[in-house]
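Topology and contacts: notes
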Amino acid sequence: MIAFVAGGARSGKSAVAEALAMGHLAHQPREARGALVYLATARVGDDEMAARVARHRRERGEGWLTCEAPLELADALDGVKAGSSVLLDCLTLWAGQWLFEAERDEAAGRAMLEWLITSARRRDIALVVVSNDLNEDLPPRDALVWRYLAFLQRLHRDLAEEADRVIEVVAGRAVYWKDIEGKGIEEKDIEGQGRDVKGASS
Ligand SMILES: Nc1nc2c(ncn2[C@@H]2O[C@H](COP(=O)(O)OP(=O)(O)OP(=O)(O)O)[C@@H](O)[C@H]2O)c(=O)[nH]1
């Protein structure tokens, strides 16, 4: 299962994505069940970010393996057991790091995403990808910002095309734009986690 979860900052998209990843794993037969993996792309650069990361770790709770991969997502996925559920959070940061820190190009970035999806499907890994929708009405004047936004939107479209589920989180509500299996988020999957998530089909 490949899912794309988009939404604005603090929209609640992490909680929705966590519920999806956990729910998927819980429904796998015990003998085929891998690990629950949080693949973080953020670099912890300052105290504010460190505090946010600590809060996220607390809220995720036990049961998650955390893997930090600011650039090399393919290598990180290679290290994950077949049958796992992987939450990649988030594509937004990764895209910027890929273009401006690693100085790699758009084609290689799209190839990396395609490889992730193919590899996840081949190894029965559920991949839930989180991203911020940073779209603007008009192209920005700054050429670098424009290059970044165009790349991110291209990745979003590639991902949406391939994904089984495309979800937009608005004010903590999950709105489905695509749901091939027609399952939605099962409320029982998120019970007891203290996170406020409502799944709604559009
Ligand atoms: N390096 C690292 N980053 C983490 C970890 N846990 C979470 N993050 C990062 O935290 C970021 C998400 O946190 P926020 O920025 O607070 O979330 P948000 O997207 O604004 O808000 P929501 O919509 O509520 O998820 C993602 O970029 C993650 O990569 C971790 O354990 N290690």
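Residues numbered from 1 in each chain as written. Predicted model: local features only at pLDDT ≥ 70, side-chain atom pairs only at ≥ 80, totals over all residues. Heavy atoms only, no water.

Naming follows an unreviewed UniProt entry, where the protein chain appears as Bifunctional adenosylcobalamin biosynthesis protein of Halomonas saccharevitans. Here is the UniProt Function (unreviewed entry) comment for the protein chain, exactly as written: "Catalyzes ATP-dependent phosphorylation of adenosylcobinamide and addition of GMP to adenosylcobinamide phosphate." According to the UniProt record, the Sequence similarities (unreviewed entry) comment for the protein chain is "Belongs to the CobU/CobP family." (UniProt positions renumbered as here; feature names shortened; annotations may be inferred.)

Observations regarding the overall build of the protein chain
Helix and strand content of the protein chain: 6 helices and 8 strands. The proportion of buried residues among the 202 residues of the protein chain is 49%. Considering only contacts within the protein chain whose residues lie at least 6 apart along the sequence, 74% involve residues at least 24 apart. Taken as a whole, the protein chain presents about 10400 Å² of accessible surface, with 50% of it coming from carbon and sulfur. (Helix = DSSP H or I, 4+ residues; strand = E, 2+ residues; numbered from the N terminus. Buried < 20%, exposed > 50% of the residue type's maximum accessible area, 1.4 Å probe, protein only. Contact = heavy atoms within 4.5 Å. Areas by Shrake-Rupley, 256 points an atom, 1.4 Å probe, with all protein chains shown as cover.)

Re the state of the cysteines
Summed over all chains, the structure comprises 0 disulfides. With no disulfide of its own, Cys 67 lies 15 Å from the sulfur of Cys 90, the closest cysteine sulfur. On the basis of relative accessibility, which here comes to 8%, the residue Cys 90 falls in the buried class. (Disulfide = S-S within 2.5 Å.)

Let's talk about the environment of Val 170
Of note, Val 170 is situated in strand E6 (residues 165-170). Distance in space between the C-alpha atoms of Val 170 and Ala 6 is 9.0 Å, their sequence separation being 164 residues.

Examining the site of the ligand
If you check the shell around the ligand, you find 24 residues, and the closest are Lys 13, Ser 14, Arg 52, His 56 and Asp 89. Gly 12 is positioned with one of its backbone polar atoms (N or O) 3.1 Å from an oxygen atom of the ligand. At 2.4 Å, a side-chain N or O of Lys 13 approaches an oxygen atom of the ligand. When the free accessible area of the ligand is taken as 660 Å², the share hidden by the protein chains comes to 94%. Elements supplying a minimum of two residues to the shell around the ligand: helix H1 (13-26), strand E2 (36-40), helix H2 (47-60) and strand E3 (64-68). At 7 residues, H2 tops the list of elements feeding residues into the shell around the ligand. Taken together, the residues that form the shell around the ligand break down as 9 nonpolar, 7 polar and 8 charged. (Near = heavy atom within 4 Å. Polar contact = N/O pair within 3.5 Å; in protein donor to acceptor, adjacent residues only side chain to side chain. Nonpolar A, V, L, I, M, F, W, Y, C, P; charged D, E, K, R; others polar.)

Points about the pattern of salt bridges
For the structure shown, the criterion picks out 9 salt bridges. Across the pair Glu 48 and Arg 52 runs a salt bridge, and its minimum N-O distance is 3.3 Å. Of this pair, Glu 48 and Arg 52 are both found in helix H2, 4 residues apart, which corresponds to roughly one turn of the helix. Under the relative-accessibility criterion, Glu 48 is labelled partly exposed at 46%. (Salt bridge = Lys/Arg side-chain N within 4 Å of Asp/Glu carboxyl O.)

Observations concerning the environment of Gly 12
Along the polypeptide, Gly 12 turns up in the loop between strand E1 (2-7) and H1. Among the residues examined, Gly 12 registers a relative accessible area of 30% and is labelled partly exposed. With 162 residues separating them in the primary sequence, Gly 12 and Ala 174 have C-alpha atoms 9.0 Å apart.

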